[in-house]
Structure formats: C-alpha cells, structure tokens
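Understanding the architecture of this molecule
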Amino acid sequence: MSTLLEVSGVSVTFDGFRAINNLSIAIGEPELRAVIGPNGAGKTTFMDIVTGKTKPDEGRVIWGERSVNLLKYSESQIAKMGIGRKFQKPTVFEDQSVRDNLAMALANKRGPFSVLVWRATDRDRARIEELAEEVGLSDRLDDSAGILSHGQKQWLEIGMLLAQDPRLLLVDEPAAGMTPAEREHTTDLLKRAARTRAVMVIEHDMEFIRRLECRVTVLHEGAVLAEGSLDHVTKNQQVIDVYLGR
Amino acid sequence: MLRLMPRIATLCACLIALILVVPLRASAQIETPLQDALQTVQPLVASPSRATVPDMLAALIVADAPGTVAFLRAWSDREVYERPEDGLFFFAREGADRALVLIDIDTGEEIGVTSSREVNQIRPNAGVRREVGAALVQFELMNPDPARRIAALESIARSPDAEQAEALEIALEAEQDSAIALRMQRLLDLLNARFATETATRVDAIEGLRGDISTEARRALNQILQTRSDFGETLPEGTNVARVRVPGDDMALIAAYAVLADAGLVPERPGRNAIRDVLRANVVDGTVGGIPVHQLDTDEARRAAYLALQEAGTVAPLVTTADMEAAVAQYVFYDAYLEADPAVTGAARDALDSTRTRISVWQFLGISIDALSLASIFFLAAIGLAITFGVMRVINMAHGEFIMMGAYTGYVVQTVIPNYTTSLVIALPLAFAVTFAAGVLMERLVIRHLYTRPLETLLATFGISIALQQLAKNIFGTQARPLTAPDWLAGAIQVNDIVSVASIRVAIFVMAIGFLLMLLYILNRTRLGLEVRAVTQNPGMAASMGINPDRINMLTFGLGSGIAGVAGVAIGLVAQVTSEMGANYIVQSFMTVVVGGVGSVFGTLAGATLIGFLQKGIEWFNPANTLAAQTFMVLFIILFIQFRPKGIVALKGRAAGD
Amino acid sequence: MPFDIPRNTAATKRSFLISNPSVLWFMGLLGLFTIGVTVLSEGFGLGLISTNLVKILGMTLCLCLIAIAMDVVWGYCGILSLGHFAFFGLGGYAIGMWLMYARTEINIRESLGRGTIPPTELEVSEAVAAQIFGVVGSSELPLIWSFAGSLPFQLAMVVLVPGLLALVFGWLAFRSRVTGVYLSILTQAMTLALSLYLFQNDTGLRGNNGLSGLQNIPGALHVPQAVISMWFFWASAFALGAGYLLFAWVVSGKFGSVIRAIRDNEARVRFLGYNVEGYKLFVFTITAIVSGIAGALYYPQAGIINPAEIAPIASIYLAVWVAIGGRGRLYGAVIGAAFVSLLSSWLTGGGAPNIDLGFYRIVWTDWWLVLLGLGFVAVTLFFPKGMGGLFDYLVRKKP
C-alpha cells in the first residue's frame, strides 16, 4: 500500500473563520478510510480542497507516484487525474436517463470534439450494463434519473463515480436518508470498490462506519483529532469530549 | 491719444463734480428737462465739431437732466434730428411713405409726423463720435451706482478698444470699491497689453496677466501671439519670427511648392486630375501621345502619355519631386507674429505658458466635479437595483421603467401645480409612493412565483418593461416632456472661467448623499435593516428565526422601486422625460451594481464612482465622442469583471459562493 | 426543471434520424413549405404570394435559424446570452459591405467608363469611397473595407467575425466563471458596446446610416426582385434545414447530454472531469457563427442594416421568441420565432384591423408591445415549456 494522496499543513480561512487549520492527512492505495467529525469540523471543506473547488491559504496537496501538486489544477483536471467525488446531496442529472448519466461518467475522452462524435461502442454499452448491475439499477437504465428513489439516486451517483474509474473516491455521507437494507447494499458497494482503489467516506453514522471495518480519522475544528481503528478512536478522551460535550 | 488727455481731464473733473452733486439734487427733486438743457448749448449740439464737444458735455453734465446718456448715445449714432424752425431736438422713427415720426426726447411720446425735408439729421463726424464715446464710457465708469460701473467694465471687456485705456486709468484712480478697482486694473492690463504704445508698458501689463486663467486674459495673450505664414529668399530682418518651417519635415513638400506656385514664382504642378484633363483634351484619333486611350487606366500609362505630349511641346511640363525640392530649397518658409516686437511676444508666450499648469489643474477639478455629478446620478439609478438584486438575487429589468414612472409622476404633478418648487416638493414623495406601490404589486404578482428561477425573473421583468414602456408611449406620446427645475436650482455656480457646475447637479449630488445615509441608517440601525441583512445572508436561516421573508422581500422590492422613482424625478430634471429614458439607464445601472459588488450599498457607491469617473476620464481624452467613451467604458467593465468577478466590494466566504 | 426527456441518445444503439423523429417531421414540413411558397410566388409560380411577402417569409426563416442557435445556447446549455443578435448583425454587416461596395463599384465604373479616358483603379476606389462615405462626411475608404470588393473574403468574414468575437468574449467570460444573470448582463454589455461603436460615424461602417441597398445583388443587378427574393428564400430554407440538422445532431448525442448536464449542475459536471468552460465556449462560438450566417442571409432580404438592429433589445426579443416557443426543443424555437415575428409584422404593419370598443379604439401598433410584454410574463409564469410544450400533450394523449 503506497501513499496516493498526501495533504499536509493545509489551512483555509473564510471571513476570519478558520475552516481548516493546519490539516494533514494521507491515504494509501488501496485503502478504505472513514472520516468523522462533528458539524463544522471541516469535512466538506477538506473535500473541496482536494477536488480543487476551494484553494487553501497555505499547505500542500500531493497526488500519486509522481507527486503532482494538485493545487495548480482545476476541478475537471483533478477529476481526470482520477479523483471522483460524491456529494452529500445526491446530484445526478435528473433530466436524463440513467444510461446517459452513466455514459457521461464513463472513462472516455472528455474534450468537446471527441464527445461530439462519440457513439457508444459495444464495450461502452457492456460497461454501462455492468455498472448498472453493480449498483442495482439494471432494470432502470432507460428511466429518467429524476424518478428514481433517494437511495437509487445515491447508488447511481456511486455508479457514476465507478464509471469514471477513479483511483480515489471521496464519498460524502452516502448513507444519509437510506433504509437499513439500502445501507447494507451501500456498505457492500464501498467495500468492494476499496479492494482496488482508495475510498474515503465521510459519515456521521457510527453504525455505518463500524460496518465498513476500516481506519477512522476524526476531524475537529479543521484539524485531525485522532486516527486509528474505530474502537481506538472511540476510546480517545478528546473524541468523547468533542462528541458528547464537556 | 495724448492730446485727448487734457480734455478728458476737464471732463473728469466735471464728472466728479456731478457725482458729488447728484445726491444733493436727488434729494432736492428738481430736474431740468433735457430739451431745456440742450437748448442752452443748441448750436454746439446741432452742428458739432471736435473742438466744441468738451463744452457741450460740460454743459450737459452740469444740467444733469435725466436721459442725458441715452441722448448722447443716440446723438452720436446719428439718430437725433433738429427742427430748424424752433431749434428743438427729436428722436425719430421711420413712418409710412418715408415720413418721419418725431419722438419727444424727454417723454418718449410721438408728437407728430413730418417729412425728412423739414428736419435736419445731426451727423457728428468720426472724431466727435470717438470723443463722445470715450466720455460716455467715462461717464458710466464713474457712475455712483456700482452695478452700472461693473456693467460698463463688462462692456469694455466684451469689445476691448485702444481708446478705453485712458478712461479706465482715470476711473481707476477715483475708484473706492476695491473689488471693482481690481477688475479695472486687470482690464487696464488687458488693454495695455494689446494696445499700449510703449514696449515697457505692454510687457508690464503682460506680466500682470501671468497666471491669469480667465478666458479674456488668455484670449488677449493669444491675440498678441497671432501669426501669419510667409516665405522669402532669406529670413527678413526685423520680422518677429515665430518658427521656421522645413518643407518635407513639418510642412508638406507639395504644400510648400503650391505656396510658391500661388505667388507665381514657379509653374503650377499638374496634379492627377490636371494630367487627366490635359490628356482628355489631347485625344487624337483614339490615342494620346501615341498611346491608345483604352490603355490609359493606370497612372504610369497616363504619365507616359503626358511626357509624350510634353516632348511635343504642347503642354506644361510635369513637375517631379526633384523639381519641387530644388524650387523649395531656394526659399525659407516661416510663421511670423503679427506683432513686430519680440519683447512683447516673448512676454506673452511666457505668460501663457505659466497659466498652462494651473489650467490643467482646474480642468482636472472640473472634470472631477462632472464625474462626481455623473456618479451621483448612476448611484441614484442603481441603488434601488442593488438592493433588490442584493437581497433577493432578482434581476429587475423593469427597474429603468420605474425610473421613467417616477419622472412622469413629476411631470404630471408639474402640469397640475404650476409652482415649480411646490410641485417638486410634492413630486418626490409621490414618485416614491407610486413606484413603491408598483414595485410591491409586481413582486406579489410576478416575481414571488419565480424566486427559484432567476433567469426567468430576468425575462419576465423584461416583459413588464416592454409593456410599461409602450404604455407610457400610449399615454404621454413619443415626444420628450419637460420636467423643469425651480428657478433657485436653474443657475450654475461659476467658480471661474474653467469650472462651473449647474446647481441642479449639486442638488442631485446632495440627494445621492442623502439616500446613501438614509439607506445606511435603515440597513444598519433599524429592525427592518437587520431582517433584510439576515435574509440577504441566509434566507433559510432567517425564515427559521421567525423573520417572514415574504414580507421582507415585498418591502425590499418596494423600497428599491421607490428609490428608482425618486431617482426618476432627479434624472428628469437634468435629462428629458421620455418613455425610453429608463432603458438608457438600465444597462449602466447593472454595470454599476455588478462592478461595485452585489448586496452592498458601499459597493454600489464604489461602482457608481468608478463608472462616473471612468466615463468622464475617457471623454477627456476624446472629448468629441461620447459614444466612443461609452464603448470603451463597457469594454473596460467586461475586462474588470475578469479580474474581480464579484465586484469591488466582494462578499467573501461560503455565503458568497454559488 | 423538467424539459423533454430524450429517450434515445448516443448511448443507445439506434441511428440518429430514427431516434429523433421530430427532425424528420421538421425537414418534411420545411420542404413542403418551400415548395408551396415557390409554386405560389411571383418569380417562379402563380404569383399569389407577393415578392414582399416572400421576403418576409425568407427573413422569418433566418430568424428561425438564429432562434434555434439561441435555443441551443440557452435552452440546452443554460447560457442566457443577450448578445446573439449582435452576431447576427455582424454577419449582416460583413455581407453588406460586399454588397454595397461591389454594387457601388459597378455603378462607378459604368459612369466613369463613359468618359474619354478609362479610370485608374485609384480613381475608381476613391469614387466608390466618396459615394459610400459621403454621408458621414468622409471620402476615404476605411481600413476594414480593404477587401470589401472580394466576395470570398467577406463570406469568410461572415463566419470569422462573429466566431472570433464570440471566442474571445466567451473565453474571457467563462474563464472567470461568470455565470447566470451576471453572464447575461455581461453579454448585454458586449452588445451595447458593439452597437454604440457602430453608431459612431468614424468607425468606418457609416454610423447610424448603416448599410443600404443590400437587396441589389452585384452581378445580378438586372434580375428582378421577384426572382432574387426566391433565391434568398431558398438559401434561407436550406440554411435553416442544415442548421436544424446540425444542431439536432449536436444535442442528440453525448455532447447534448453533457451540455444539458452543464445547464442543470455545472459544478457536478466539472467533478466528472469535463472542462465545462471548453464546452460552453464551443457552444457559444458555434451558435454565434450560425447566428452570423443567419444574419448574412437576412439583411440582403431586408435591404438595410443599421446599428439599431444590434441594440441590446433585439437580443432580448430573441430570448422572448425562444421562451414563447419553448426552450430545450429545437422546433419550439422555430415555432416561437416564426409565430411572434410574423404576428408582430402583421399587427404593426397595419395588416390587422383595429378594434373599436366604442369608448376606445385599440390601435394595434400602439398595443402590440403591451400585449407581447404581458403575454410573455404570462408564458414565463404559467407555461414555462412554451408553445412547444403543447406538442407534449398531443403526443402523450394519442397512444
């Protein structure tokens, strides 16, 4: 397991409020990692920084074997390097069919001209079917994404993430609003994905995290409070203080 | 001029006597009719000569009858007639059939018709007239009424004349009022600078004008510096040369040659058209100089044909560039001052140069004031938009029509109440009320339903804007309606000859400041302001805190529209009220809001100031073309947004995102 | 925002035309319309349709073409451009320069040629310049007219000028992530700047006089207008058909998928690895070019172009047409443009009877804009799908 992403000494200030404070965190490949923390701990801002949406005031974000400095790249370039992101709120393109949503995410050329002349090959179609199978949407391929249930939208989004074939998946609260059965399905999906790549899951729900059976990083006030197995961090006095209040 | 001196001195003594006497006489209320006074010196008035003028004037001044000055003016303009039978004097006007209608010089009544043969027109000669003219000026310059003296000075300033210098000098000595004395001194300098005979006097006078930025002083200096273009084989001795022109360098060779040709010193140079005309006149059997006509469609061919004709000796020779250079080289071309004395022109040039910096400073100040005035108009037009855009993220394309609505409200009020001050006082709150109501109505009926679709709000409000514009056209017609400012706002504050500012613009500036303060107060110091700010920053949270966003949106929209209405009255006072006036301001207003930064009063202020100064600044570089100024301004704004997409005063942080 | 949901796209394995039956319908109707007008025209048929009406119909086709371009950029890609009519005008100016120059040159050569000596090239171009620019008090040919005599050059300009302007402007705007209403305002500012620029007398395009006499085609000066109007009608119909095909193809594939995704959630598309700015720029530029071509076909039929045509209001009307017709579907744009512009010319051209209410007489020239404005508000509020949305009902009710 080699280090895939290394964030070191990163800080961000919004109008005097320090959202991220000298944060350092690293993830290897393959690895499944859960990130927890109370509201305002900086979890989403951390993802924004890694994916290029927010530029930090200081610090470094280093990617891959060739140690690329991600801060110099735009969102789309970072995505193309192999970082996929799932948002907290499911954001699929509700106007379009499940098939088109997946087709858009497929790891093909992204330039306007190649997209213009793109027509699905048999391999592409097979890949779409396979992904739909994986996330359990095989029979809904030609439905509009807008009419899917909440949980199905989450899966479609995970399916789109997998279609991108990223090396690092950033997943923001995948289980929010899901039924227990859907959660189980989601856990399986993530664990399977993490066999070949790095997956970082942000989640509030301890039960969900316990089932992921992975290393946990606790964020608090924009910095890492504790890191280790779930049992380890839940025994940490500081973590208990933060979560339960003093 | 010197010989006039003693006489004028006598006159002057008389005048001073008169000035002293007048108050006494005024209190005594005894007035001699002018006719009686004239009869005491009847022969001198009827057949004047230069020698008799002082006596006549002295007598008249002593008599001091009312209307003396007007009479003398008419008299020297040959408008006075004498009736030989009784020696009385009359004014006259032409009646029917070349008859004259006689007018009594005291009462101004018409007293009868006569033929021009029965009366004599009195025709003072030029010398007499000059003398009387000088005396009249003197008379006015020493008038006890300061207003009359100032008027006399202004009339001298309007048409300066060498003769007036002495009168001024005398009057200056007697002058008590220091302000008027100052003005006299300057006028004297102006006159001396141009007309004095002694070089030293002139140079002194010019020195006195150094640093004077008034138009009249600069005009006087420029008049001294007038030049004419001339040439000669050498630079002539004793000519006050302004500069030498080198042909081919700062004077076109062809132009220099043409000057020589005009003087008959060299043959005319046949130009392109002349060559063509010559060829046309020399067509023989379809050829010119052996070249077929149809081939003469290039300059080379025409030249060849012309040269062929020249060989044959039938036409004037071509003049080549070398010929021209050779001819021109024998002469010197120069500009010479009309004024022969180099000391005078040198001093004038120095004096003029010394004013240059001061003029630029004043001009800069003037432009800054213009820019400030423009900025306050932009601010007034845009601030309402900024409020609605900032708080509700709603683009109101009908904002310009609210401005128009306010202006028409002002117009309607003025047609009902003729007193401009009263009507303005009523129009301002009424315009606010009308547009406030219109804004609230629009918010309730249309905008409320489109909060989640900002682009469609833009379009829907645009639909309203088209409809309102056309409605205004249907009601008020297409011609511009006046919105007149009351008299006390009509004038201008004249700082000096370079800077002046219309009072109405000052009023608008004050109004803009007033609105700025009022808005700052409302937003920062009142409950409404607090709620508005809460809704601006986080509508969802505000709603959960018990603020009714619906009410806030309605009030904000009303407030924004109401301010547009008041701005409309203000703009109507400086521009014309038409159905399209709103459209003229809407894009600028958007620019102001966008450049300034959305959701901030200070942002709008900064945006308005930037755009106002920018527009005036660009106009300064290219004063002839306001269209170009606007074009460049819009381009600048497009580029500006590249570098500060959130405007000058940008909200930072996550609240500003998305 | 539920627009029509294409059930068949590039990700399925069906051919373009079969999966887009509306394209076939449209092409068929356009073909029938063209044949119908030809048969009824003065120039080539029964003479039931006046030359003037043919011109109006031809111009309407051009407006439909720019409307579908607007639909692609706004309805599909979500960029509410208030500048596409400026591109339309630029196309008109580019072709207008050639029409005006070439025609004037022919006339000048004819009149100068009658003299004893043939004119030189310089004399011709000076005379042409004096004739064209006398009206703005100049007799020199501005630099931008250097190649106005060359048809291929000016045809290239029809494409290049709007294309390059859109490319540069779009690059600047999209690069700095200006979106939504800001972008609309910015495009409006661009349009305003352009029209103000053209209004100036010294910018070489005859200021507010504009270019005129464009209906006379050099090389065909003796062909009657009845015939020329048909040529342009055919050209306009062809251009509309080709443009419709092109855009239908563009929006039907994965490209269409991506730009609709950009419209709905631009940030998400970025995280999928697409260079959103590149796509927007592509769409903005290609639609600008099509707008320029539409303008180049429109103004020879209108006969005159002046800067007022480019004023920001024109571009807003364009958005109005598309919104009334129905965004996000190409035939909607065509319906909107054709319906509103024809209705407008009928009502304001004095063709419509005024209505006497007894106490008030409704004069359509006065009330048409009020009606349009309020109607537009109503469409925005109650029928966001526009007139094209009616087809959904029809199609859905049938089976």
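Residues numbered from 1 in each chain as written. Chains lettered and ligands numbered in written order. Predicted model: local features only at pLDDT ≥ 70, side-chain atom pairs only at ≥ 80, totals over all residues. Heavy atoms only, no water.

1. Observations concerning the overall build of chain B
In plain terms, the rule: Each helix corresponds to a stretch of at least 4 residues labelled H or I by DSSP, and each strand to a stretch of at least 2 residues labelled E; elements are numbered beginning at the N terminus. Relative accessibility decides the category of a residue: with a 1.4 Å probe and only protein chains considered, values under 20% of the type maximum give buried, values over 50% give exposed, and everything between is partly exposed. Any two residues having at least one pair of non-hydrogen atoms within 4.5 Å are treated as being in contact.
A tally of helices and strands in chain B yields 26 helices and 12 strands. Summarising its shape, the C-alpha atoms of chain B cover approximately 105 × 100 × 55 Å along the three principal directions. For chain B, buried positions account for 48% of its 658 residues. Across chain B, the fraction of contacts at a sequence separation of at least 24, relative to all contacts at a separation of at least 6, is 69%.

2. Here we look at the interface of chain C and chain A
In plain terms, the rule: The term buried area denotes the loss of accessible surface (1.4 Å probe radius) that occurs when two parts are joined, taken as the sum for both partners. A pair is scored as a salt bridge if a Lys or Arg side-chain nitrogen falls within 4 Å of a carboxyl oxygen belonging to Asp or Glu. Side-chain atoms alone can form a polar contact between residues adjacent in sequence; in general such a contact is a pair of N or O atoms within 3.5 Å, and within protein one must be able to donate a hydrogen while the other accepts it. The classification used treats Ala, Val, Leu, Ile, Met, Phe, Trp, Tyr, Cys and Pro as nonpolar, Asp, Glu, Lys and Arg as charged, and all other residues, Gly among them, as polar.
Each side of the interface is counted separately: chain C has 34 residues, and chain A has 36 residues. A buried area of about 3,300 Å², summed over both sides, lies between chain C and chain A, and 60% of it is on carbon and sulfur atoms. Contact with chain A buries area across many residues of chain C, yet Lys-254, Arg-268 and Phe-271 of chain C alone supply 25% of it, more than any other trio. In this structure, the connection of chain C to chain A is made through 4 salt bridges. A salt bridge links Asp-95 of chain A to Arg-263 of chain C; the shortest N-O distance between them is 2.6 Å. The tally of links from chain C across to chain A stands at 11 residue pairs in polar contact (both at pLDDT 80 or more). Broken down by secondary-structure element, the contributors of at least two residues to the side of chain C that touches chain A are helix H8 (225-252), helix H9 (254-264), helix H10 (266-271) and helix H11 (276-302) of chain C. The greatest single-element share of the side of chain C that touches chain A, amounting to 8 residues, is contributed by H9 of chain C. Looking at side-chain class alone, the side of chain C that touches chain A contains 17 nonpolar, 9 polar and 8 charged residues.

3. Points about the sheet that holds strand E5 (residues 120-121) of chain B
All names here are of chain B. Let me state the cut-off plainly: When DSSP finds two or more bridges between a pair of strands, those strands are recorded as paired.
Here 5 strands make up an open sheet; going across it, the order is E4-E3-E2-E1-E5 and the pairing antiparallel. Each end of this open sheet is capped by a strand with a single partner; those strands are strand E4 (110-114) and E5. Bridging between strand E3 (residues 100-104) and E4 involves 4 bridges; their strand directions are antiparallel. In the strand pairing of E4, Ile-103 is matched with Glu-110.

4. What to know about the confidence of the model for chain B
All names here are of chain B. What counts here: Scored from 0 to 100, pLDDT reflects the predictor's confidence in each residue.
Overall, the predicted model of chain B reaches an average pLDDT of 81, with 93% of residues at or above 70. Per-element confidence in chain B is highest for helix H17 (residues 399-416), whose mean pLDDT is 93, and lowest for helix H1 (residues 4-28), whose mean pLDDT is 48. Low pLDDT, under 50, characterises residues 18-30; the stretch is placed with 12 contacts to residues that sit more than four places away or in other chains. Every residue in residues 652-658 scores below 50 in pLDDT, and together they form 8 contacts with partners more than four places removed in sequence or on other chains.

5. Description of the pairing of strand E6 (residues 83-86) of chain A
All names here are of chain A. In E6, alternate side chains face the same way, and those of Ile-83 and Arg-85 on one face and Gly-84 and Lys-86 on the other are all buried. Looking at chain direction, E6 and strand E7 (residues 168-172) are connected through 4 bridges and run parallel. Looking across to E7, one finds that Lys-86 is bridged to Val-171.

6. A few points about the pattern of salt bridges
Applying the stated criterion across every chain yields a total of 52 salt bridges over all chains. With its nearest N and O atoms 3.8 Å apart, the salt bridge here joins Glu-134 of chain A to Arg-192 of chain A. Here Glu-134 of chain A is found in helix H5 (residues 122-135), whereas its partner Arg-192 of chain A is found in helix H7 (residues 180-193), with 58 residues between them in sequence. Here Glu-157 of chain A ties to Arg-268 of chain C by a salt bridge, and the two come within 3.0 Å at their closest N and O atoms. With Glu-157 of chain A in helix H6 (residues 150-163) and Arg-268 of chain C in helix H10, this pair bridges two chains. Residue classification places Glu-157 of chain A among the buried residues on the basis of a relative accessible area of 0%.

7. Some words on the state of the cysteines
Stated precisely, the cut-off is as follows: Counting rule for disulfides: a pair of cysteine sulfur atoms within 2.5 Å.
As enumerated under the stated definition, the model contains 0 disulfides over all chains in all. Cysteine Cys-62 of chain C is unpaired, with the sulfur of Cys-64 of chain C as its nearest cysteine sulfur at 8.9 Å.

8. Digging into a nonpolar patch on the surface
Residues and elements named next belong to chain B. For the record, the criterion: Patch members must show over 30% relative accessible area and no salt bridge, and they are joined within 9 Å when carrying like charges or within 5 Å when they are nonpolar side chains of Val, Leu, Ile, Met, Phe, Trp or Tyr. Every accessible area reported is derived by Shrake-Rupley at a probe size of 1.4 Å, with residue values counting cover from the shown protein chains alone.
There is a patch of nonpolar side chains on the surface, built from Leu-372, Ile-493, Val-495, Val-506, Phe-509, Val-510, Ile-513, Leu-517 and Phe-613 and spanning about 710 Å² of accessible area. Sort the elements by how many residues they give to the nonpolar patch and helix H20 (residues 503-525) lands first, with 5 residues. Here Leu-372 shows up in helix H16 (residues 342-392). By relative accessible area, which is 34% here, Leu-372 ends up partly exposed.

9. Some thoughts on the interface of chain B and chain C
Taken together, the contact between chain B and chain C spans 49 residues of the former and 54 residues of the latter. Taken together, the two surfaces of chain B and chain C that pack against each other cover about 4,600 Å², and 73% of this comes from carbon and sulfur. On the surface where chain B and chain C come into contact, there are 4 salt bridges. Across the pair Arg-327 of chain C and Glu-456 of chain B runs a salt bridge whose closest N-O atoms are separated by 3.4 Å. There are 8 residue pairs in polar contact (both at pLDDT 80 or more) connecting chain B and chain C. Residue contributions to the side of chain B that touches chain C peak at 14 residues, all from helix H19 (residues 454-476) of chain B. Taken together, the residues that form the side of chain B that touches chain C break down as 31 nonpolar, 10 polar and 8 charged.

10. Details of the packing of H16 of chain B against helix H24 (residues 581-596) of chain B
All names here are of chain B. Inclusion rule: Between N-to-C directions, angles span 0 to 180 degrees; the directions come from axes that are lines fitted to C-alpha atoms, helices contributing only their stretch in contact. Angular relationships are summarised with four words: roughly parallel below 35 degrees, roughly antiparallel beyond 145, roughly perpendicular across 65 to 115, and oblique for the angles in between. Crossing handedness: left-handed means the near helix sits turned counterclockwise from the far one by under a right angle, and right-handed means the same turn made clockwise.
One can describe the packing of H16 onto H24 by two numbers: an axis separation of 8 Å at closest approach and a directional angle of 65°. Relative to H24, the element H16 is oriented roughly perpendicular. The handedness of the crossing between H16 and H24 is right-handed. Between H16 and H24, the contacting residues are Ile-377, Phe-378, Ala-381, Ala-382, Leu-385, Ala-386 and Phe-389 on the first element and Tyr-585, Gln-588, Ser-589, Phe-590, Thr-592 and Val-593 on the second. Per-class residue counts for the contact of H16 with H24 are 10 nonpolar, 3 polar and no charged.

11. Side note on empty space enclosed by the protein
All names here are of chain B. Applicable threshold: Cavities and pockets are defined on a 1 Å grid built over the protein atoms alone: a cavity is a set of grid points where a 1.4 Å probe fits but cannot escape, while a pocket is an open set with protein on both sides within 12 Å along at least five of seven lines, and lining residues are those with an atom within 4 Å of any such point. Grid points are joined across faces, edges and corners, and a volume is the space filled by probe spheres set on the points.
Under the criterion given, the structure shown has 8 cavities of 30 Å³ or more. The computed volume of the largest cavity comes to approximately 90 Å³. Within the residue set of the lining of the largest cavity, elements represented by two or more residues are helix H9 (178-195) and helix H11 (215-224). When its residues are assigned to classes, the lining of the largest cavity shows 6 nonpolar, 1 polar and 3 charged.

12. Looking at unusual backbone geometry
Residue and element names in this part refer to chain A. The omega torsion of the bond from Glu-29 to Pro-30 falls at -5°, within 30 degrees of zero and hence cis. Of note in the backbone geometry, Ser-67 takes a positive phi value of approximately 50° without being a glycine. Mapped onto the elements, Ser-67 comes out in the loop between strand E4 (58-63) and strand E5 (68-69). On the accessibility criterion, Ser-67 (47% relative accessible area) is partly exposed. The residue Glu-173 is not glycine, and still its phi comes out positive at about 45°. In this fold, Glu-173 is placed in the loop between E7 and H7. Judged by relative accessible area, which is 10%, Glu-173 ranks as buried.

13. Looking at the sheet that holds strand E6 (residues 227-232) of chain B
Residue and element names in this part refer to chain B. Read from one edge to the other, the open sheet built from 3 strands follows the order E6-E10-E7, with strand pairing classed as antiparallel. A strand with exactly one partner marks an edge of an open sheet, and here the two such strands are E6 and strand E7 (241-245). Strand-to-strand, the axes of this sheet are offset by a mean angle of 25°, without reference to chain direction. Of the strand pairs in this sheet, E7 and strand E10 (residues 332-337) are connected by 4 bridges, and their pairing is antiparallel. Bridge pairing links Arg-245 to Phe-333 in E10.

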